[in-house]
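# Tertiary structure, described
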Amino acid sequence: KNSLIMADNEDADLKATRLTSTSEAKDEEVELAVTSTNGDAPKDDMTTDDKGSDDEENKVEEKPIDQGIIGDAKERFHDIEDSLRDQKYSRGECLCFFTFLIVFTIMAVLARGVSDVAFTQTITIRQSLIERDEFIPWNDHGEKSFGDASTIEDVYRYLEDVAIPFLMRPESDYYVQSQQALLGGVRLKQLRMKPMECSKDGFDRCWDKGEFDKGTVNYYFPNGDYAQNFTYIDSSVIDDQSWRGKYSSYPGGGFIVDLPLDLEASLAIINLLRNITWMDGGTRFLAADFNTYNPSTGLHTVARLAWEMPTGGVFPNDEVKTWKFERYNGGDGQALAAFHVLFLIWVLGMTIMTFTECWKVGCLRCGKGGYWNSKWKGIDALNLFIFYVSICLFIYNETYRTSGDLDLFSTSKYVSFRQLQYGFTLEAYTIAVNGLLLWIKLFKYLAINKRLRFLFTMLGKSSTDILMFAIVLMVFVIAFGT
């Protein structure tokens with residue numbers, strides 16, 4: 001037993017010796033391969049002190065490089081952060097902006113109406129007059145809608161068969177669709193071109209295409225007897241505004257015929273105008289204007305049916321809009337008055353803050369340290385300017401509306417609301433532009449959030465590429481459009 005145990009121990013020692021020698025040989029091969037790859041001979045005599053000194057030298061040389069890269073990155077990051085946040089957007093300023101945005105949005109919604117009543121009141125007029133009701137055309141074949149009119153006779157027949165009977169209903173006390181009262185009848189306005197001599201012999205009907213006739217025009221019956229004359233009336237007299245059609249712009253004045261609030265009398269006037277050839281080759285534009293008022297909703301509808309005649313043909317057009325001229329009537333009106341006061345207070349506060357900062361920093365200084373140190377300052381100034389434009393328009397509209405010369409409920413004669421509508425339209429446009437600028441400024445304050453700031457930075461870096469792409473896209477759109 002002892003001899004067997006000793007033999008086993010000797011075998012184990014022999015195997016261990018072989019494994020040790022094999023591992024040492026492999027280590028030497030690996031070391032030689034590494035040194036041959038680096039091109040240096042193995043340095044077994046290098047001491048620990050020498051290695052430590054080399055490491056310290058490398059660290060001394062690499063430290064300034066790392067610090068320079070990190071410093072540049074930090075500086076760049078701060079520049080981006082400054083451009084986005086301007087390092088001045090406190091929580092109080094953000095809270096003031098969001099509060100003002102809410103006030104402005106509610107004010108804009110209340111000004112147009114919180115319900116869809118205005119829209120349905122407009123559609124009530126358009127569906128019957130423009131989209132659905134039809135008349136027999138000039139050749140007595142088939143039927144036409146408003147948009148299908150193509151001759152002057154079509155215009156007369158449309159007025160006789162559709163427009164006048166629909167608007168003037170004696171059996172309903174001249175209420176349109178049983179709810180909207182027709183105010184003062186219908187006004188026809190014609191614009192004519194000046195007659196001129198034809199440049200070619202043998203032709204006797206030519207009209208100047210560049211200037212409207214603003215004089216007096218005489219009309220005769222078919223048998224040659226004198227009928228009457230019509231004189232051009234300026235826009236300031238009839239309280240009208242210039243109007244943009246599909247093919248041209250037309251002044252507010254014209255040759256006027258007022259149809260009274262009487263069905264039979266109005267139809268007789270239309271028949272007279274046809275007999276004296278009130279519209280002919282010299283007619284450039286015809287408009288039929290009327291106003292309705294719904295006492296249940298307190299809304300006015302201002303409508304215009306128009307026919308353009310640029311080269312003798314007839315091209316129909318229309319404009320039907322519903323407005324709340326009495327702004328402060330009802331519960332919505334009282335709420336609108338309160339928000340108007342809040343809006344004015346906010347605008348005055350913004351003005352004081354802007355001029356105070358501008359005075360301290362320097363209004364004429366640009367770049368770092370100056371007042372105009374970012375694009376947001378320009379948007380703020382533009383926004384503030386348009387705020388005051390909208391306030392001036394509001395004062396003008398209210399002064400004109402409350403003047404004694406404008407009767408919003410007259411049924412005895414036609415009163416034009418087109419000038420008042422024009423002022424309300426301009427006021428609505430300024431509110432729309434202000435709303436757009438305010439919502440764009442929202443990005444300025446949302447940049448406080450890290451995730452959104454990253455998105456805005458990315459968009460800012462790629463803005464040039466996006467602009468170039470948009471230009472190329474527009475070239476293709478215009479090319480295919482033409």
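Anyway, here's the lowdown on the structure attached to this text.

So, how was this worked out
- Note on numbering: residues in each chain are counted from 1, in written sequence order.
- The predicted origin of the model limits local features to residues at a pLDDT of at least 70 and limits the giving and counting of side-chain atom pairs to 80 or more, whereas totals for whole chains, interfaces and linings rest on all residues.
- Hydrogen atoms and water are omitted, and side-chain values are computed over all heavy atoms in the structure.
- Here a helix means four or more residues in a row that DSSP labels H or I, a strand means two or more in a row labelled E, and each is numbered from the N terminus.
- Buried, partly exposed and exposed residues are distinguished by accessible area as a fraction of the type maximum, computed with a 1.4 Å probe on protein chains only: under 20%, between the cut-offs, and over 50%, respectively.
- By definition, residues are in contact when any of their heavy atoms lie within 4.5 Å.
- Areas reported here follow the Shrake-Rupley algorithm with a probe of radius 1.4 Å; residue values treat only the protein chains shown as occluding.
- Between any two strands, pairing holds if DSSP finds at least two bridges.
- As a rule, the C-alpha atoms of each element are fitted with a line to give its axis, helices using only the stretch in contact, and angles between N-to-C directions run from 0 to 180 degrees.
- Every angle not falling under 35 degrees, over 145, or within 65 to 115 is termed oblique; those three ranges are roughly parallel, roughly antiparallel and roughly perpendicular.
- Take the far helix as the reference: if the near one is turned anticlockwise from it by less than a right angle, the crossing is left-handed, and if turned clockwise, right-handed.
- Only one rule defines a salt bridge in this text: a Lys or Arg side-chain nitrogen within 4 Å of an Asp or Glu carboxyl oxygen.
- Any helix carries an expected span of 1.5 Å times its number of residues minus one.
- Throughout, the arc means that of the directions going from the helix axis to the C-beta atoms.
- In protein, a polar contact means a hydrogen-donor-capable atom and an acceptor-capable atom, both N or O and within 3.5 Å, with residues adjacent in sequence counting only if both atoms are side-chain atoms; elsewhere, any N or O pair within 3.5 Å suffices.
- Each Phe, Tyr or Trp ring (for Trp, its six-membered ring) is paired with any other whose centre lies within 6.5 Å, and the angle between the two planes then decides the class: stacked below 30 degrees, edge-to-face above 60, tilted in between.
- Side-chain atoms within 4.5 Å link the members of a nonpolar core, which is a set of buried Ala, Val, Leu, Ile, Met, Phe, Trp, Tyr and Cys residues.

## Points about the overall build of the protein
- Scanning the protein from N- to C-terminus turns up 12 helices and 12 strands.
- Of all 482 residues assigned to the protein, the portion counted as buried reaches 36%.
- The long-range share in the protein, meaning contacts at least 24 apart out of those at least 6 apart in sequence, stands at 63%.
- Accessible surface, the protein as shown: approximately 29,000 Å² in total, 59% of it carbon and sulfur.

## Side note on the pairing of strand β12 (residues 315–323)
- As paired elements, strand β11 (residues 299–308) and β12 share 9 bridges and run antiparallel to each other. Paired with His300 across the bridge in β12 is Trp323.
- The antiparallel hairpin formed by β11 and β12 contains 6 residues in its connecting segment, where Gly312 sits at a positive phi of about 100°.

## Overview of the packing of helix α8 (residues 330–361) against helix α9 (residues 375–401)
- At a minimum axis distance of 11 Å, the contact between α8 and α9 shows a crossing angle of 140°. Judged by the angle between their axes, α8 and α9 are oblique. The crossing of α8 and α9 is left-handed. On the side of α8, the interface is formed by His340, Phe343, Leu344, Val347, Leu348, Met350, Thr351, Thr354 and Glu357, while α9 contributes Lys377, Leu384, Phe387, Tyr388, Ser390, Ile391 and Phe394.

## Digging into the pattern of salt bridges
- Following the criterion strictly, the structure yields 20 salt bridges and no others.
- The closest approach of N and O atoms between Arg126 and Glu131, which form a salt bridge, is 2.8 Å.
- The exposure class of Glu131 is partly exposed, given its relative accessible area of 45%.
- In this structure, Glu398 and Arg327 form a salt bridge, with 2.4 Å as the shortest nitrogen-oxygen distance. Placement of the pair is Glu398 in helix α9 and Arg327 in the loop between β12 and α8, with a sequence separation of 71 residues. Considered together, Glu398 and Arg327 belong to a single accessibility category, that of buried residues.
- Several salt bridges share partner residues, and in doing so they unite Lys189, Asp240, Asp289, Arg304, Glu319 and Arg418 into one network.

## Side note on unusual backbone geometry
- In this structure, Tyr174 takes a positive phi of about 60° despite not being glycine.
- Of note, Tyr174 is situated in the loop between α5 (152–167) and β1 (175–176).
- Residue classification places Tyr174 among the buried residues on the basis of a relative accessible area of 16%.
- We note that Asp239 has phi near 55°; this positive angle belongs to a residue other than glycine.
- Topologically, Asp239 is positioned in the loop between α6 (235–238) and β7 (243–244).
- Asp239 gets classed as partly exposed once you look at its relative accessible area, which sits at 25%.

## Overview of the environment of Val415
- Within the element layout of this structure, Val415 appears in the loop between α9 and α10 (418–446).
- C-alpha of Val415 to C-alpha of Leu183: the two residues are 232 residues apart in sequence and 7.8 Å apart in space.
- Excluding residues within four positions of it along the chain, Val415 makes contact with Asn291, Leu406, Asp407 and Ser410.

## As for helix α11 (residues 450–461)
- The terminal C-alpha atoms of α11, which comprises 12 residues, lie 16 Å apart, in line with the 16 Å expected from a rise of 1.5 Å per residue.
- Restricting attention to buried positions, one finds in α11 the residues Arg453, Phe456 and Thr457. Within α11, the buried residues cover an arc of 105° as seen down the axis, which keeps them to one side. Exposed positions of α11 whose direction lies more than 90 degrees from the buried face are Arg451 and Phe454.

## Overview of the side chain of Lys144
- Examined against the element boundaries, Lys144 turns out to sit in the loop between α4 (117–132) and α5.
- Taking relative accessible area as the criterion, Lys144 reaches 15% and is therefore assigned buried.
- Separated by 3.0 Å, the side chains of Lys144 and Ser150 make a polar contact.

## What about the packing of aromatic side chains?
- If you walk through the whole model with that rule in mind, you get 25 aromatic pairs.
- Ring centres 6.2 Å apart and planes at 20° place the aromatic pair Phe100 and Phe343 in the stacked group. Taken together, the residues Phe100 in helix α3 (residues 91–112) and Phe343 in helix α8 connect sequence positions 243 residues apart.
- Using a relative accessible area of 2% as the deciding quantity, one classes Phe100 as buried.
- For the ring pair Phe135 and Tyr158, a centre distance of 5.8 Å and an interplane angle of 70° mean the geometry is edge-to-face. Of this pair, Phe135 sits in the loop between α4 and α5 while Tyr158 is found in helix α5, placing the two residues 23 residues apart along the sequence.
- For Phe135, a relative accessible area of 2% translates into the label buried.
- Taken together through their ring pairs, the aromatic side chains of Phe100, Phe104, Phe343, Trp346 and Phe387 make up a single cluster.

## Observations concerning the nonpolar core
- Within the largest apolar cluster, 51 residues are counted, with the highest numbers of intra-cluster contacts made by Leu129, Tyr158, Leu188, Trp278 and Trp307.
- Secondary structure elements with two or more residues in this core: α4, α5, β3 (186–196), β5 (216–220), β9 (255–259), α7 (263–275), β10 (283–294) and β11.
- Residues contacting Trp307, with those up to four places away along its chain left out, are Phe146, Ala149, Val155, Tyr158, Leu159, Arg284, Phe285, Leu286, Ala288, Val314, Phe315 and Pro316.
- If you look at the next biggest cluster of nonpolar residues, it comprises 20 residues, including Met350, Phe387, Ile391 and Ile431.

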